[in-house]
Amino acid sequence: MTTFSRVPADLFRFTTTDHAELHTAVLRVFGVANGRLETVLTADDVQQRLRHVGWSEQVTDDELTASLTALRQWGLLDSAQQRYGLTKLGEAAFAGVEHALSTLTSSGSLQTSVLDAISDRLDELAETTDDRRAFTALMELEAHFGALRTNTTRFNADLQRLLRDEQTDLATFQDVKRTTVTYLRDFVADLDARKQHVRAKISDIDVVKLHERARNGADLYQGEHWLDERARAWDGLKAWFHNVDELQDVARRAIVQLLRVLDRISEQRKRPTNTAADFRALAKWFARTESEDEAHELFNAAFGLWPARHAHIAHADGELIPSAEPWHNTPPVAVSPQLRTTGKQDHIGSTGKVRNVDEVRRNRRVQAEKERAELEHAWRQIQTDGPIRISTLTNLDHDTFHRLIDLVGRALGSDPDSTGTRTAGTSDGRMQINLRNARGWATITTQKGTLSGPDYVIDVQSR
């Protein structure tokens, strides 16, 4: 049976009583003092320092004594000669409260700079011969990795809560979506560029010797479990970067989910059309008009039934009328009564000739053959004899490049298999692409510009 260490029953009891706020403030006074290496305080010291930790109300001596007594009974404080100090349980309770409040008020982030710091510390651990520097570099590495893992977990949790929240304001969601998609894209690109380097460094370092050197370099007494803690931390680092491809997939899926939720929220904000309600609202607007001209303007704006079908009819001799002459000073134009009912003048021209479509067919056939030849040329250029990097493709015309990017996009949209390979094909089944992540950056230039992005290993085959 697997057993876990139990949290003492009274460890956080002070947060559930009627005087929880005062107990927490008193405990914070001792926690702040402990950070300044002041291990004992008197009741007068606590009374004077309550205001410095954010407690603004007046506390009587009896209330403070009762709080100190309660904390001592729960094992969080010990006392001798009217002087109080934090116990081990008190330190744990204070740390727990501080961590809980920090988690509730903070949000996660994907810090690409921490990836650089982890890579730099691994480089230093692989090269340094000084035991003291090995110890400090190892502690810095564990701190950076802990921050990366904590912030990534919080970021993913915040993102999932955002995706589940059906009451999110559309404008707020659009702003968050825009920032988050850019953030995820940059983080995935940086992670893709660094993961291979970090994996290689982790594999090259002899972790047993490293931990022995770090313990010697600490020059301090270390408990019997110190090496075990370092081994667990190293295993966590190794496992995290071993499964980093899964994190990248999560980030890519998050981008797609963000866009889908945005569409869903947009649809929910669209109210269904209610014709009866629209006409009732329009009737109220008509009732508020003050003149017939305003009513006509409202009618034209609401229904758009402008009497303009005759606007194309010109005078028999338009040169006799100056172009700058106001329309109400010009003679009227005869308009056929059939124009309003049929939309046509009463003048009927001769029947048009039957069109010869042989030339059209011939031009279409030539165009189709040309497009087919261009397509075959593009497939021949894209097809590879085996796996190659995208960065090695330098002599591509723009149409071929466009079809290659389409294939790569189809592959990135598919799920990877157990080896991390993604497979996709064209809609006609002619070509298939196998794609794997590769370390580095690719730049492809065509006649219309340059595109830069993560490098991939591709294998394009005809079926």
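Computed from a predicted model, the values in this text were never measured in an experiment. (Residues numbered from 1 in each chain as written. Predicted model: local features only at pLDDT ≥ 70, side-chain atom pairs only at ≥ 80, totals over all residues. Heavy atoms only, no water.)

**So, the environment of Leu50**
Working step 1: Tracing the backbone through its elements, the reader meets Leu50 in the loop between α2 (43–49) and α3 (61–73).
Working step 2: On the basis of relative accessible area, Leu50 is assigned to the buried category, the value being 2%.
Working step 3: Taking the C-alpha atoms as reference points, Leu50 and Arg28, 22 residues apart in sequence, are found 8.6 Å from one another.
Working step 4: Beyond its immediate stretch of four places on either side in the chain, Leu50 contacts Ala25, Val26, Val29, Trp55 and Val59. (Helix = DSSP H or I, 4+ residues; strand = E, 2+ residues; numbered from the N terminus. Buried < 20%, exposed > 50% of the residue type's maximum accessible area, 1.4 Å probe, protein only. Contact = heavy atoms within 4.5 Å.)

**Considerations on empty space enclosed by the protein**
Working step 1: One pass over the structure, following the stated rule, counts two cavities of 30 Å³ or more.
Working step 2: For the largest cavity, the calculated volume is near 50 Å³.
Working step 3: Lining the largest cavity, in full, are Leu138, Leu141, Glu142, Phe145, Ala233, Trp234 and Leu237.
Working step 4: Put simply, the parts of the chain that give the lining of the largest cavity at least two residues each are α6 (131–164) and α9 (226–242).
Working step 5: Broken down by element, the lining of the largest cavity gets its largest block of residues, four residues, from α6.
Working step 6: Taken together, the residues of the lining of the largest cavity break down into six nonpolar, no polar and one charged. (1 Å grid on protein atoms, 1.4 Å probe; cavity = no way out; pocket = protein on both sides within 12 Å on 5 of 7 lines; lining within 4 Å. Points joined across faces, edges and corners; volume = space filled by probe spheres on them. Nonpolar A, V, L, I, M, F, W, Y, C, P; charged D, E, K, R; others polar.)

**A short note on the sheet that holds strand β1 (residues 41–42)**
Working step 1: Spatial strand order, β1-β3-β2: three strands in an open sheet with antiparallel pairing. Two strands close off the open sheet at either side, each with one partner strand: β1 and β2 (77–80).
Working step 2: Along the sheet, helix α1 (residues 20–35) makes contact with β1, β2 and β3 (83–86), crossing β3 at roughly 75°. (Pairing = 2+ DSSP bridges. Axes fitted to C-alpha atoms, helices over the stretch in contact; angles between N-to-C directions.)

**Examining helix α8 (residues 207–218)**
Working step 1: With 12 residues, α8 extends 16 Å from end C-alpha to end C-alpha; this agrees with the ideal 16 Å at 1.5 Å per step.
Working step 2: Within the span of α8, buried status applies to Leu210, His211, Ala214, Gly217 and Ala218. Down the axis of α8, the buried side of the element spans an arc of 125°, and every buried residue falls inside it. Residues of α8 that are exposed and point more than 90 degrees away from the buried face comprise Val208, Lys209 and Asn216.
Working step 3: Of the residues that open α8, the one with a side-chain oxygen 3.3 Å from the backbone nitrogen of Val208 is Asp206.
Working step 4: Phi for Asp219, located one or two positions after α8, is positive at around 55°. (Expected span 1.5 Å × (residues − 1). Arc of directions from axis to C-beta. Polar contact = N/O pair within 3.5 Å; in protein donor to acceptor, adjacent residues only side chain to side chain.)

**What about the nonpolar core?**
Working step 1: Counting residues in hydrophobic clusters, the biggest one holds 26 residues, and the most contacted among them are Phe14, Val26, Phe30, Val46 and Leu50.
Working step 2: Put simply, the parts of the chain that give this core at least two residues each are α1, α3, β3 and α4 (88–105).
Working step 3: No other element matches α1, which puts seven residues into this core.
Working step 4: With near-sequence residues (within four places) excluded, Val46 lies in contact with Val26, Val29, Phe30, Leu41 and Leu64.
Working step 5: Of all hydrophobic cores here, the second largest spans 23 residues; its members include Leu115, Leu141, Ile202 and Ala214. (Core = buried A, V, L, I, M, F, W, Y, C linked by side-chain atoms within 4.5 Å.)

**Remarks on a negative patch on the surface**
Working step 1: A cluster of like negative charges, contributed by Glu290, Glu292, Asp293, Glu294 and Glu297, occupies part of the molecular surface.
Working step 2: A residue is classified by how much of its surface remains accessible, and Glu294, at 37% relative accessible area, is partly exposed. (Patch = residues over 30% accessible without salt bridge, like charges linked within 9 Å, V, L, I, M, F, W, Y side chains within 5 Å. Areas by Shrake-Rupley, 256 points an atom, 1.4 Å probe, with all protein chains shown as cover. Salt bridge = Lys/Arg side-chain N within 4 Å of Asp/Glu carboxyl O. Lys, Arg positive; Asp, Glu negative; His and termini not counted. Charge placed at Lys NZ, Arg CZ, Asp CG, Glu CD.)

**Looking at the pattern of salt bridges**
Working step 1: Applying the stated criterion across every chain yields a total of 14 salt bridges.
Working step 2: Between Arg28 and Glu98 there is a salt bridge, with its nearest N and O atoms 2.8 Å apart. Residue Arg28 is located in helix α1, and its partner Glu98 is located in helix α4; the two are separated by 70 residues in the primary sequence.
Working step 3: For Glu98, a relative accessible area of 31% translates into the label partly exposed.
Working step 4: The shortest N-O distance in the salt bridge between Arg230 and Glu229 comes to 3.9 Å.

**Details of unusual backbone geometry**
Working step 1: Residue Leu37 is not a glycine yet carries a positive backbone phi of 70°.
Working step 2: Using a relative accessible area of 76% as the deciding quantity, one classes Leu37 as exposed.

**A few points about the packing of helix α11 (residues 275–288) against helix α12 (residues 292–303)**
Working step 1: Relative to each other, α11 and α12 sit at 155°, their axes nearing to 10 Å. Judged on the interaxial angle alone, α12 and α11 are roughly antiparallel. Crossing of α11 over α12 shows right-handed handedness. In contact with Phe279, Leu282, Trp285 and Phe286 of α11, α12 contributes Ala295, Leu298, Phe299, Ala302 and Phe303.
Working step 2: Residues of the contact of α11 with α12, tallied by class, amount to nine nonpolar, no polar and no charged. (Parallel < 35°, antiparallel > 145°, perpendicular 65-115°, else oblique. Left-handed = near helix turned anticlockwise from the far one by under 90°.)

**What about a nonpolar patch on the surface?**
Working step 1: Taken together, the side chains of Phe279, Phe299 and Phe303 define a hydrophobic patch exposed on the protein surface, amounting to about 280 Å² of accessible area.
Working step 2: Following the sequence through the fold, Phe299 ends up in helix α12.
Working step 3: Take Phe299: its relative accessible area is 34%, and that puts it in the partly exposed class.

**Quick notes on the sheet that holds strand β7 (residues 449–462)**
Working step 1: As summarised here, the arrangement of the four strands in space is β4-β7-β6-β5, forming an open sheet in which the pairing is antiparallel. The two strands at the open ends of the sheet, each matched to only one other strand, are β4 (388–389) and β5 (422–425).
Working step 2: Note: strand β6 (residues 431–446) against β7, 13 bridges, orientation antiparallel. Opposite Arg436, over in β7, you have Val457 as the bridge partner.
Working step 3: Packed on one face of the sheet, helix α15 (residues 398–412) meets β5, β6 and β7 and runs near 120° to β6.

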